[in-house]
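Okay, here's what each chain looks like letter by letter:
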Amino acid sequence: MSQPSPDAYEQGRGMDAHNAVMRDIRAERSETYDPTEPTRVWIDEDNTPDGVVNSLTIILNTGGCRWARAGGCTMCGYVAESVEGGSVAHEDLMTQIDACLDHEAAEADEPAELIKIYTSGSFLDEREVPAETRRAIAETFADRDRIVVESLPDFVDREKIADFADYGIATDVAVGLETATDRVRHDCVNKYFDFADFEDACAEAAAADGEFDADVGIKAYLLMKPPFLAEPEAAADMIDSIRRCADVDGCHTVSMNPTNVQRYTMVDELFFEGGYRPPWLWSVAHVLEATADVDAIVVSDPVGHGSDRGAHNCGECDDRVQTAIKDFDKRQDPSVFEQVSCECEATWEYVMEEETSYNMPLAR
């Protein structure tokens with residue numbers, strides 16, 4: 001049986017068969033990327049505990065997620081966009097930050113209240129983002145109201161959060177939990193940690209919230225319809241997962257996002273062979289409507305909606321349902337879904353009644 005690379009701390013974790021397949025798929029990548037340029041940057045609006053605010057989203061180009069380098073999650077192709085060699089110098093990372101600030105200055109009327117920083121891995125992993133860089137970034141954005149940084153639960157601790165909270169910045173750590181069901185996370189997503197580890201990260205954030213003047217919390221990222229789950233199973237898992245996350249002290253926001261088919265992933269291989277269909281947008285609306293009563297902000301951002309590789313319905317109603325989802329994100333009002341309908345909803349209802357893991361997908 002194959003083993004992850006010896007220098008990966010994940011050795012022995014996860015499903016080794018999944019890791020072996022994922023490493024083979026990722027080895028097909030041939031692209032290279034400039035370590036001085038961010039992967040992406042854009043201006044948007046986000047719903048936060050302080051209300052809907054303008055946001056600047058930054059995806060830093062780092063050496064990539066260390067779990068992905070061991071094999072990694074079945075649906076995630078972001079490591080394919082990372083810099084070769086496993087690390088990026090402090091100076092290069094700060095050059096990326098400067099480029100993002102230049103973009104904001106050119107595209108936004110005023111500085112965004114919310115800064116969101118992702119690395120396609122873990123911002124709090126000091127192999128990806130050194131402590132020196134983390135502190136410099138905290139200083140750079142010390143005049144903003146709130147910052148979100150992404151991390152696996154392993155790296156969430158008060159000392160790292162303090163780099164931001166000491167400036168009085170409300171600080172949220174976004175954790176890619178994917179699901180509250182350990183078996184689904186392990187066997188379908190190939191992610192090594194347990195829900196208990198997420199609860200520990202929330203407890204660390206809650207403790208930091210009581211220690212600093214700035215608000216500190218956790219934003220849970222969930223994945224709708226990982227491979228090997230039928231549509232009704234995926235929807236039921238999301239409803240249960242949102243409720244369980246909302247019940248954890250320290251978790252104030254749940255972002256439930258449908259799987260999109262990314263290159264260099266197991267999901268891409270299954271999709272190519274006809275064994276995977278991204279979730280219906282009706283399923284996204286169904287889950288949001290069913291969990292609108294929880295004590296947390298619940299949002300969704302269907303990337304690639306309306307395309308074969310993203311969450312989609314029939315093609316005729318996709319934009320209307322997506323608009324309703326974005327409206328719900330801001331208003332948290334499930335009545336927005338009463339304003340959209342389409343004949344394809346009957347097909348979706350049939351799929352929800354009849355699709356199983358051994359006959360999927362029933363419809364494209």
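If you're wondering where the values come from, they're calculated on a predicted model, not measured in any experiment. As a convention, each chain's residues are numbered from 1 in the sequence order in which they are written. With pLDDT at 70 or above as the cut-off, local features in this predicted model cover only qualifying residues; side-chain atom pairs require 80 or more to be listed or tallied, and sums for whole chains, interfaces and linings still use all residues. As a rule here, side-chain values cover all heavy atoms of the structure and leave hydrogens and water aside.

## Concerning the overall build of the chain
Right, on to step 1. Elements are defined by DSSP. Helices are runs of H or I of four residues or more, strands are runs of E of two residues or more, and each kind is numbered from the N terminus. Within the chain, the regular secondary structure consists of 12 helices and eight strands.
Right, on to step 2. In terms of overall dimensions, the chain is globule-like: its C-alpha atoms have a radius of gyration of 20 Å, near the 21 Å expected for 364 residues.
Right, on to step 3. Viewed in the frame of its principal axes, the chain has a C-alpha envelope of about 55 × 50 × 40 Å.
Right, on to step 4. The 364 residues of the chain split such that 56% are buried.
Right, on to step 5. Entry remark: accessible area of the chain is about 15100 Å², with carbon and sulfur atoms responsible for 45%.
Right, on to step 6. If the 30 positive side-chain charges of the chain are averaged to one point and the 76 negative ones to another, these points end up 4 Å apart. The globule rule used for comparison is 2.2 Å times the number of residues to the exponent 0.38, while the radius of gyration itself is calculated over C-alpha atoms. Partly exposed describes any residue whose relative accessible area lies between the buried limit of under 20% and the exposed limit of over 50%, with all areas from a 1.4 Å probe on protein chains only and scaled to the type maximum. Shrake-Rupley sampling with a 1.4 Å probe provides the accessible areas, and residues are treated as covered by the protein chains on show and by no other component. Charge counting follows a simple rule: Lys and Arg are positive, Asp and Glu are negative, and His as well as the terminal groups are ignored. Here the site of a charge means atom NZ of a Lys, CZ of an Arg, CG of an Asp or CD of a Glu.

## Some thoughts on the packing of aromatic side chains
The geometry of an aromatic ring pair comes down to the distance between the two centres and the angle between the two planes.
Right, on to step 1. The criterion for an aromatic pair is that two Phe, Tyr or Trp rings (for Trp, the six-membered ring) have centres within 6.5 Å, with stacked assigned to planes under 30 degrees apart, edge-to-face to planes over 60 apart and tilted to the rest. All told, the structure shown has six aromatic pairs when counted by the stated rule.
Right, on to step 2. Taking the centre distance of 5.8 Å and the plane angle of 80° together, the rings of Y192 and F193 count as edge-to-face.
Right, on to step 3. On the basis of relative accessible area, F193 is assigned to the buried category, the value being 2%.
Right, on to step 4. An aromatic cluster is defined as three or more aromatic residues linked by ring pairs; in this entry it consists of W67, Y192 and F193.
Right, on to step 5. Definition used: whenever NZ (Lys) or CZ (Arg) falls within 6 Å of the ring centre and also within 35 degrees of the ring normal, the charge is taken to sit over that ring. Sitting over the face of the ring of Y276, K225 holds its NZ or CZ atom 5.7 Å from the ring centroid.
Right, on to step 6. It is R244 that lies over the ring of F195; its NZ or CZ is 4.4 Å from the centre.

## Brief notes about the sheet that holds strand 3 (residues 114-118)
The pairing of strands in a sheet comes from backbone hydrogen bonds and takes either a parallel or an antiparallel form.
Right, on to step 1. Following DSSP output, two strands are said to pair if at least two bridges run between them. Ordered in space as 1-2-3-4-5-6-7-8, the eight strands form an open sheet in which the pairing is mixed. Single-partner strands in this sheet number two, and they are strand 1 (40-48) and strand 8 (297-299). Taking each pair of neighbouring strands and ignoring which way they run, the sheet shows an average axis angle of 25°.
Right, on to step 2. Sheet topology places strand 1 next to strand 2 (residues 51-59); nine bridges connect them, and they run antiparallel. What sits directly across from R40, in strand 2, is I59. Lines fitted to C-alpha atoms define the axes here, with helix axes fitted over just the stretch in contact, and angles between the N-to-C directions of these axes take values from 0 to 180 degrees.

## Observations concerning the side chain of D46
Right, on to step 1. Turning to its location among the elements, D46 is positioned in strand 1.
Right, on to step 2. Classification of D46 as buried rests on a relative accessible area of 13%.
Right, on to step 3. Only 2.6 Å separates the side chain of D46 from the side chain of S55, close enough to count as a polar contact.
Right, on to step 4. Here a polar contact means two N or O atoms within 3.5 Å. Within protein one must be a hydrogen donor candidate and the other an acceptor candidate, and residues neighboring in sequence count only if both atoms are side-chain atoms. Side chain to side chain, D46 and K116 meet in a polar contact 2.9 Å long.
Right, on to step 5. It only takes one pair of heavy atoms within 4.5 Å for two residues to be counted as in contact. If near-sequence neighbours (up to four positions away) are discounted, D46 is found in contact with G51, V52, V53, S55, L114, K116 and K219.

## Considerations on the pattern of salt bridges
Right, on to step 1. One side-chain nitrogen of Lys or Arg within 4 Å of one carboxyl oxygen of Asp or Glu is enough to make a salt bridge. Considering all chains together, one arrives at 22 salt bridges under this definition.
Right, on to step 2. The partner of E45 in a salt bridge is K330, with the nearest N and O atoms 2.8 Å apart. Here E45, found in strand 1, pairs with K330, found in helix 11 (residues 318-331); they are 285 residues apart in sequence, far enough to count as distant.
Right, on to step 3. Across the pair D125 and R66 runs a salt bridge whose closest N-O atoms are separated by 2.8 Å. Linking D125 in the loop between strand 3 and helix 4 (131-140) with R66 in helix 2 (residues 66-70), this pair joins segments that are 59 residues apart in sequence.
Right, on to step 4. Residue classification places R66 among the buried positions, given a relative accessible area of 16%.
Right, on to step 5. Counted as one network, the salt bridges with shared partners bring together E126, R134, R135 and D163.

## Concerning the nonpolar core
Right, on to step 1. Formed by 91 residues in total, the largest nonpolar core has its most connected members in I58, I117, F123, I137, F198, C245 and M256.
Right, on to step 2. Leave out the neighbours within four places in its chain, and I117 touches I58, L60, F123, I137, F141, I147, V148, V149 and E150.
Right, on to step 3. The next biggest cluster of nonpolar side chains, apart from the first, holds seven residues, and it includes L114, Y118, A174 and Y221. Only buried residues count toward a nonpolar core. Its members are Ala, Val, Leu, Ile, Met, Phe, Trp, Tyr and Cys residues joined through side-chain atoms within 4.5 Å.

## Comments concerning the packing of helix 10 (residues 281-290) against helix 12 (residues 345-354)
Packed helices, taken two at a time, are described by the angle between their axes plus the distance between the axes.
Right, on to step 1. For the pair helix 10 and helix 12, the least separation of the axes is 10 Å and the interaxial angle reads 75°. Viewed along their axes, helix 10 and helix 12 adopt a mutual orientation that is roughly perpendicular. Here W282, S283 and H286 of helix 10 come into contact with helix 12, specifically with E345, W348 and M352.
Right, on to step 2. Broken down by class, the residue content of the contact of helix 10 with helix 12 amounts to three nonpolar, two polar and one charged. Working rule for angles: under 35 degrees goes down as roughly parallel, over 145 as roughly antiparallel, 65 to 115 as roughly perpendicular, anything else as oblique. Side-chain classes follow a simple rule in which Ala, Val, Leu, Ile, Met, Phe, Trp, Tyr, Cys and Pro form the nonpolar group, Asp, Glu, Lys and Arg form the charged group, and the remainder, Gly included, forms the polar group.

## Quick look at a negative patch on the surface
Right, on to step 1. Residues qualify for a patch when their relative accessible area is over 30% and they have no salt bridge, like charges being joined within 9 Å and the nonpolar side chains of Val, Leu, Ile, Met, Phe, Trp and Tyr within 5 Å. Taken together, D24, E28, E269 and E273 make up a surface patch of like negative charges.
Right, on to step 2. Tracing the sequence through the fold places E273 in the loop between helix 9 (266-272) and helix 10.
Right, on to step 3. Given the relative accessible area of 65%, E273 is considered exposed.

## Some words on the environment of D268
Right, on to step 1. Of note, D268 is situated in helix 9.
Right, on to step 2. Aside from chain neighbours lying at most four places away, what touches D268 is V261, Q262, R263 and R309.
Right, on to step 3. At a separation of 3.0 Å, a polar atom in the side chain of D268 contacts the side chain of R309.

## Looking at the pairing of strand 7 (residues 251-258)
Right, on to step 1. Within strand 7, seven of the eight residues are buried, which leaves it mostly tucked inside the rest of the structure.
Right, on to step 2. Note on handedness: a clockwise path from strand one over the helix to strand two, with the strands aimed away from the viewer, defines a right-handed crossover. With helix 8 (residues 231-246) bridging strand 6 (residues 216-224) and the parallel strand 7, this β-α-β connection has right-handed handedness.

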